Amino acid sequence: MAGRWRNRLNWSDVTPETAYLNRRQVMAGMGALGLSVLAAPAHSAEAGLEPNTWDEITSYNNFYEFGTGKEDPKRNAGQLTTDPWAIQIDGLVDRPGSYDLGDILSGVSLEERIYRLRCVEAWSMVVPWVGFELADLLNRAGVQPSAKYVAFQTLLRPEEMPGQRTAILDWPYVEGLRLDEAMHPLTILATGLYGKEMPNQNGAPIRLVVPWKYGFKSIKSVVRITLTDAQPPTSWNRYAPNEYGFYSNVNPEVDHPRWSQATERRIGGGVFSPRVPTRMFNGYAEEVASLYDGMDLMGNF
Ligand SMILES: Nc1nc2c(c(=O)[nH]1)N[C@H]1C(S)=C(S)[C@@H](COP(=O)(O)O)O[C@H]1N2
Ligand SMILES: [Mo]
């Protein structure tokens, strides 16, 4: 199969967990969200792309707005109001404005994307996201030729986000991509997982997913997207610039100053959580390496 499609597997391509067996029902229930289920061409299963279970994906999270513990987001995010929701799109675009989520979703076709997620803390999962390409939304807003970067912002609502009442990070959480990274077909805005609406702890109702970068680039609960001509500040880079770069592409050869990035602990399998080698660009090198041709990946970590 063509390399471009290899990482865009669908339900039938991988070993399903039990919940998958009710896929048709689940999908029928997604009608309101506009999920059009793809009659996908058959691919063969790729080793290491068996999705983690729903429980693993929704009870081991990083979402500092709800606390720093892995179990805090599940415990605390239930109170987050995710409807109504809108994304402010502004900066260097032809059609700036507040885009209502329902309106955004009516203009796209949702699809399943089973992606590896590699946290900078050296653990990983495989997540069956539901979403659409960020490029679709950016094109709808009309990116102006002078735009070079895309800045993202998470909701700021300390009344509902207890972590924002503490000073762990500068709130709101912000992230950024170079425009070509943002327009890449692997970059999605996800609105669900396992064919269901996005659980709050995973970044409801809409979050970024950039599978070849460390997880912290995949900003949750996005309320603002700004096209800019200058590299935007990012939360973890501001917090510790020597540890977290703007690019933060998964790279087993560039260690974190305090730990190795050569291997990762695959969440799941209980105490046996196996350590596996980390792959360049998290296994998506064939698709994205050319974005960084000629770039010093050690300096631009
Ligand atoms: N707004 C916001 N987005 C965030 C985070 C966060 O704390 N706040 N954590 C990041 C980190 S470190 C990771 S690994 C992923 C985790 O996504 P998951 O909980 O859906 O697995 O979300 C990222 N997005
Ligand atoms: Mo992370």
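As the structure is a prediction and not an experimental result, all values here were calculated from the model.

A. View of the site of ligand 1. The environment of ligand 1 is made up of 17 residues, and the closest members are N61, Y64, E65, T154 and K220. Here a nitrogen atom of ligand 1 sits 3.1 Å away from a polar atom, N or O, in the main chain of N62. In the environment of ligand 1, a nitrogen atom lies 2.9 Å from a nitrogen or oxygen atom belonging to the side chain of T154. Residue composition of the shell around ligand 1, by class: eight nonpolar, six polar and three charged.

B. The sheet that holds strand β6 (residues 174-178), seen in detail. The strand order across the open sheet formed by five strands is β2-β1-β10-β5-β6, and the pairing between neighbours is mixed. The open sheet has two edge strands, β2 (97-100) and β6, and neither has a second partner. Strand-to-strand twist across the sheet, computed as the mean angle between neighbouring axes with direction ignored, equals 20 degrees. With four bridges joining them, strand β1 (residues 86-91) and strand β10 (residues 222-228) adopt parallel strand pairing. The partner of D90 across the bridge, within β10, is T226. Docked against the sheet, helix α6 (residues 134-141) engages β1, β2, β5 (149-154) and β10, running at close to 65 degrees with respect to β10.

C. Examining the pattern of salt bridges more closely. In total, this model carries 12 salt bridges according to the counting rule given. One salt bridge in this structure joins E160 and R157, with 3.0 Å as the shortest N-O distance. Through salt bridges with shared partners, a single ionic network connects E111, R113 and E133.

D. Examining the UniProt feature "binding site: Mo-molybdopterin" (unreviewed entry) in the chain more closely. According to UniProt, the feature "binding site: Mo-molybdopterin" (unreviewed entry) maps to N61, Y64, E65, C119, T154, N202, R207, S218, I219 and K220 in the numbering used here. In this fold, Y64 is placed in the loop between α3 (54-59) and α4 (72-76). The buried category is assigned to Y64, whose relative accessible area is 17%. Aside from chain neighbours lying at most four places away, what touches Y64 is E121, G163, I168, L169, W171 and W236. Relative to the helices and strands, E65 is located in the loop between α3 and α4. Its relative accessible area of 2% is what places E65 among the buried residues.

E. Representation of the environment of L291 in the model. Assignment of secondary structure puts L291 in the segment after α9 (285-288). Separated by 110 residues in the primary sequence, L291 and E181 have C-alpha atoms spaced 7.5 Å apart. Leave out the neighbours within four places in its chain, and L291 touches R178, D180, E181, H184 and W212.

F. Representation of the side chain of E243 in the model. Along the chain, E243 turns up in the loop between α8 (235-239) and β11 (263-266). Looking at E243, the relative accessible area reads 15%, which means it is buried. Among the polar contacts made by the side chain of E243, one reaches the side chain of Y244 at a distance of 3.5 Å. The contact partners of E243, leaving out residues within four places of it in the chain, are H256, P257, R258 and F301.

G. Focus on the confidence of the model for the chain. In this model, the chain carries an average pLDDT of 88, and 84% of its residues clear a pLDDT of 70 or more. A low-confidence stretch, residues 1-29 (pLDDT under 50), is modelled with 72 contacts involving residues beyond four sequence positions or located in other chains. For the stretch residues 31-44, pLDDT sits under 50, and the model shows 30 contacts to residues farther than four places along the chain or on other chains.

H. Geometry of the nonpolar core. By size, the foremost hydrophobic cluster in this structure holds 74 residues, and its most contacted members are W129, F132, W212 and I225. When residues of this core are assigned to their parent elements, the largest contribution, six residues, is made by strand β4 (residues 123-133). Contact partners of I225, with chain neighbours within four places excluded, come to I87, Q88, I89, D90, L134, L137, L138, V150, A151, F152 and L189.

I. Region of the structure containing unusual backbone geometry. In this model, W171 is joined to P172 through a cis peptide bond whose omega is -5 degrees. Relative to the helices and strands, P172 resides in the loop between β5 and β6. Cis geometry is adopted by the peptide bond preceding P205, which originates at A204 and carries an omega value of -5 degrees. One non-glycine residue, S221, lies in the positive phi region at around 45 degrees. With respect to the helices, strands and loops of the structure, S221 is situated in the loop between β9 (207-209) and β10.

J. Local environment of the pairing of strand β3 (residues 111-118). Taken across its eight residues, β3 has seven buried, putting it largely inside the fold. In this sheet, β4 lies alongside β3 in antiparallel orientation, the contact comprising eight bridges. Across the sheet, residue Y115 finds its bridge partner in β4, namely V127. Linkage of β3 to β4, two consecutive antiparallel strands, is achieved through a turn of four residues, within which A122 is found at a positive phi near 75 degrees.

Rules used in this analysis
- Residues numbered from 1 in each chain as written.
- Chains lettered and ligands numbered in written order.
- Predicted model: local features only at pLDDT ≥ 70, side-chain atom pairs only at ≥ 80, totals over all residues.
- Heavy atoms only, no water.
- Near = heavy atom within 4 Å.
- Polar contact = N/O pair within 3.5 Å; in protein donor to acceptor, adjacent residues only side chain to side chain.
- Nonpolar A, V, L, I, M, F, W, Y, C, P; charged D, E, K, R; others polar.
- Pairing = 2+ DSSP bridges.
- Helix = DSSP H or I, 4+ residues; strand = E, 2+ residues; numbered from the N terminus.
- Axes fitted to C-alpha atoms, helices over the stretch in contact; angles between N-to-C directions.
- Contact = heavy atoms within 4.5 Å.
- Salt bridge = Lys/Arg side-chain N within 4 Å of Asp/Glu carboxyl O.
- UniProt positions renumbered as here; feature names shortened; annotations may be inferred.
- Buried < 20%, exposed > 50% of the residue type's maximum accessible area, 1.4 Å probe, protein only.
- pLDDT = per-residue confidence, 0-100.
- Core = buried A, V, L, I, M, F, W, Y, C linked by side-chain atoms within 4.5 Å.

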